[in-house]
Amino acid sequence: MNWSTSLRVFLAHGGRDFLAHKTLTLLNIAALAVGVGAIVAIQTVNETALRSFRASLDLVAGRPDFTVEGQGFRLPESLLPILRADPAVREATPVLQVVASLPAHPGEFLHLVGVDPFSNGELVTYRLEDALKNPADAIAFVSEPDTIALTRRLAERLGLKIGDTLRAVHGGRETTLRVRFLLEPSDDLVGADDHLALADIATVQSRFQLGGQIDRIETILRTASPAEKETVRQSLTERLRPRLPAHARAGSPDRRGREVERMLGAFQLNLTALSLIALVVGMFLVTNTVAANVARRRSEFGLLRALGLGRRALTILIVAESLLLALAGSILGVWAGLEVARRLLGTVASTVTSHYVLLSMRDVTVTPASLIGAVVAGLVAAALAAWWPAREAARVPPVDALQFGHISDRAVARFNRFLLPAVISFAAAGLFSLTALHGGLPQTGFLAALGVLLAAAFTAPLVAHALARVRPARIPAWILARSFFLRGLHRHSLAAAALAVSVGMALGVAIMVHSFRVTVDRWIGESIRADLFIAPSTNLIAGSLEPLDPEAETIATALPGIRAVGSYREIRLFLDGAPAKLAACKLEVLKTCNPLPILSSLPGDPYELCQNGEYAFVSENFSHRRHLKPGDTVSLPTPNGLRPIQVAAVFRDYTTESGLILLDRAIYQKITGDLNLTSLALHLEPGTPVQPLIDSLRAQLRPRGEFLIYSQSALRDEALRIFDRSFAVTELLRTLAIGVAALGVTLSLTALVAERTREIGVLRATGARRGQVLRTIMAEAGYLGATGISLGAITGFVVALVLMRVINRAFFGWTIDWHTPWPLLGSILVFVFLVCLLAGLPPSLRASRLSPAEALRSE
Amino acid sequence: MLETRDLHKIYQSGDARVEALRGITLKILSGEIVAITGPSGCGKSTLLHILGALDTPSSGQAYIDGLPLHSMNDDALTGLRQLKIGFVFQFFHLLPTLTVEENVLLPLLLSGRADALGKSRARDLLETVGLADRTHHRPHQLSGGQLQRAALARALVHRPSVLLADEPTGNLDSASSAAVINLLTSLSRKEKTTVILVTHSEEVAKAADRRIRLVDGRIHS
């Protein structure tokens, strides 16, 4: 037979075989679809997040060649002429951004960007619609000092049209703005945040009393050659350095995007790693199905070999056939993945906004390349998974393959051969843990987790075998199930491995999330002692750190029943290229009302040190990541120059992933000149009723804008709500992996029932009732479930150890106290066992309904 | 006693219609050994399945000891198999992970009668078929002839009134075949079991008291 004939005949026959075994075929497609779907969903969400973030950056900033921006603090406008005067600069334009709440539209906000329409022409990435399509646009934009341009989508959502007014509040200043233009982003920026609004920079400065201040200067260089640009940037940075304040950062505009991408990297890697588990579990199932197919069609393959088909050709043909199903599964997975991604967008956007950077995603944006990539991943996974059973099938001599009765009478395979790979995988997990913790390669932490899961997969056949050796009571279904299970180990081992991997992953994540939650909850209980908290509403909605109306402090202090008012200021900045948060509060209040959980400190009272000199508290993760201990120094870039601050103490903190430096408010104001506040913490006199105080605060603050007022318990609930939302996607992926593994149980048993048709016929002939056959196959599903669960339970604890003590330490530097959620673990295990039994029901029913006469004729 | 009257069996698959049995009427007395012979596809196995309560006829009647197989439901037929019927297959079909003794006990286990008496019966039978020293062996440790002898013990352990054997020597060499047929006939005569043998082998057929030849679903002689 020549190649094309072989392929045609083979695939035609394969197609008919798929139709004849519809259940197996559908399960195979579904297993791969779930695996590919998980990847597509996570990739799409990740891609959408990054594209949306980049598009928002581009929409605000255009695509300049060079940027000077203030980190943490604004820049003086006086820097603009310096840049404009530089010979390398062709055009320089200022940008000022504020996040403003909209009292008439609770829950919405404006990301208002002040630009100079006369100098930013080359950077414009949006179209001002409904306006004159001529240079007069710019004049119209600045002629009225309340003019803003809204995105069309936000205008539609808020029910605004051209000419309508909009009240906006920022930093305690309320102003009325008029919508005179609608913004339409250029085609490649459609994923951008629709909360963006544009105004003349002077409008933003005057309306919010930010005169003379800007956030950034965007510049276009004179050189157009990309190669030259980098050199010009470097020399320009060198020239500017002596004239720029310490907190100004100059360089390529891509840098901020890259920094944020790096910041999101760990978060996204975590999700990607989890989504890959689903595909790996799917691969186990494909291997299982192909192995079942080749076992069933053994004589057919023997015939093909007898007719002259070579071993390699047969292997390739079997793989090609499984690729047919994989293609269907992958395409279905892409569709399902996109649907899931759409549903996940909101959750992921909120999580990213809470932890990293303001992000708003309305619809998925995904490139064809990444979808094709996912399909290819599915096909490659299927080809790899099919290769081994295909090769095994091709190795059988044609004479043996043509003989009947050989398959089912084969002795139980030797499973000890899996011991060595299991030990090697486990040892590799240990090595990867070391490189993650001490080798400066945090990503290898995920390889350590993979090593543990692989070790579990290799151990599955041994555990299954050991479990099946336990002699059952004299219950016919149990005895037969044990016998069937032992004989089906060649097939069940893969399903048990898939199940153990899924259960291990699910339990590991459950232990980690629970431990983390309990740790954070206890920490909140210990470290948040204030009775009431006040913050601008935009800080919750937009995850920003906008200043609080200073009047709020005056109002709060004047309230009856107040023992102390603690203030809090927080800004984001980059230290040595890595993000961090700088915070300031009244340490005197903190010390008496809400002492910090201190882990280590300089001799003496660290509070006094910080109140009297340039000392700071730093969070545990900040100290861990930057290898700092009490007595070491951090250089803080401030508008008044670089200030060396000595670490007075390290404290436990879970508020930010990037790490926190905490100064006394007076010291902070002295060295930075920033008098703004971000939030207030109110400590009440004992016995003061809380609710009347909240009502009074609300009444007094209402005219001044939208505020968040939390009681202690509400803040705790809010913190835990954000925590739970952050892990919502993780839990979804966990459920998906269990779902795929459950499919594996059905697949394995369906394949075995198909293989054992005649044997079931013999049993029925020997006197087995339908119910007995049903119970036998169900008990076999129970054996399979018990194997996966017992191994998965042990694996779960090891995975949790890696997640908490390796991945978390390497990426985030937090201490997570170990808390085992026994009831949750118990319920997951019971749930998985019930899912296994449920998954075993269809093949059990199928087996019990076989007509004994037909079953006996099947060989 | 086994009896059939005008037994028909038709298999319908789509447009294809196969009439496997076309009016079989026969009577087999208790303790009789009958060989059913005939070319492939003549309906031998179909008749065996109906007589073994594994299948039901399309029309006509079949009785075992006066019980009407043709009108019983699946549960009743299973109950009948547990009590009155034993099977021996060409490929032995012992469960490889059970010991020889456990395999023999299987019919008693399935009907809830694997008590001490049952075990003693199984051991006696294994001794009779020459496998007393193989009771704790697994099937893969036995030769083909030994496997079929164990299968014979399994078929008789619950004292069936009818033993049905489908090509019982089809997978054995001539020496083993002779041994198995000797055992089968001697044991069934001793236990007064009716035996129906489906076979292509002249040697096996000769061991029967009577021979029924089927051709195209009809009794030819």
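Everything numeric here is computed off the predicted structure, so don't read it as measured data.

### A word on the overall build of chain B
Across its full length, chain B carries seven helices and 10 strands. Taken over 221 residues, chain B has a buried fraction of 56%.

### Things to note about the nonpolar core
Counting 140 residues, the largest nonpolar core has A:Phe516, A:Val745, A:Val832, B:Leu106, B:Leu152, B:Leu163 and B:Leu197 as the members making the most contacts within it. When residues in this core are grouped by element, the largest group, 22 residues, is from helix α16 (residues 489–527) of chain A. A domain-level breakdown of this core finds at least three residues from each of domain 1 (1–63 + 257–407) and domain 3 (414–529 + 720–859) of chain A. Among all residues touching B:Leu106, those that are not within four sequence positions of it are A:Leu480, A:Leu763, B:Leu95 and B:Leu98. In this structure, A:Val68, A:Leu83, A:Leu160 and A:Leu221 belong to the second largest nonpolar core, which totals 41 residues.

### With respect to the side chain of B:Thr46
Its place among the elements puts B:Thr46 in helix α1 (residues 44–51). In this view, B:Thr46 contacts B:Lys9, B:Tyr11, B:Ala20 and B:Leu21; residues no more than four positions away in its chain are not counted.

### Comments concerning helix α2 (residues 74–84) of chain B
Of all the positions in α2(B), only B:Leu77, B:Thr78, B:Gly79, B:Leu80, B:Arg81 and B:Gln82 are classed as buried. Between the side-chain oxygen of the N-cap and the backbone nitrogen of B:Asp75 there are 3.2 Å, and the N-cap of α2(B) in question is B:Asn73.

### What to know about the confidence of the model for chain A
Residues and elements named next belong to chain A. In the predicted model, chain A carries a mean pLDDT of 82, and the fraction of residues at 70 or more is 86%. Confidence, expressed as mean pLDDT per element, reaches its minimum in chain A at strand β5 (residues 126–129) with 52 and its maximum at strand β17 (residues 615–619) with 95. Predicted confidence for residues 129–136 stays below pLDDT 50, and this span has 12 contacts to residues more than four positions away or in other chains. Every residue in residues 404–412 is under pLDDT 50, and counting partners more than four places away or in other chains gives 16 contacts.

### What about the pattern of salt bridges?
In this structure the tally under the stated criterion is 39 salt bridges over all chains. A salt bridge links A:Arg233 to A:Glu230; its shortest N-O distance comes to 2.6 Å. On the criterion of helical spacing, the pair formed by A:Arg233 and A:Glu230 is a turn pair, its members being three residues apart in helix α7 (residues 226–240). With relative accessibility at 13%, the residue A:Arg233 sits in the buried group. A salt bridge links B:Asp55 to B:Lys9; its shortest N-O distance comes to 3.4 Å. Separated by 46 residues along the polypeptide, B:Asp55 in the loop between α1 and β4 (59–64) and B:Lys9 in strand β1 (residues 2–13) bring together distant segments of the chain.

Rules of the game
Residues numbered from 1 in each chain as written. Chains lettered and ligands numbered in written order. Predicted model: local features only at pLDDT ≥ 70, side-chain atom pairs only at ≥ 80, totals over all residues. Heavy atoms only, no water. Helix = DSSP H or I, 4+ residues; strand = E, 2+ residues; numbered from the N terminus. Buried < 20%, exposed > 50% of the residue type's maximum accessible area, 1.4 Å probe, protein only. Core = buried A, V, L, I, M, F, W, Y, C linked by side-chain atoms within 4.5 Å. Domains from an automatic or database assignment. Contact = heavy atoms within 4.5 Å. Polar contact = N/O pair within 3.5 Å; in protein donor to acceptor, adjacent residues only side chain to side chain. pLDDT = per-residue confidence, 0-100. Salt bridge = Lys/Arg side-chain N within 4 Å of Asp/Glu carboxyl O.

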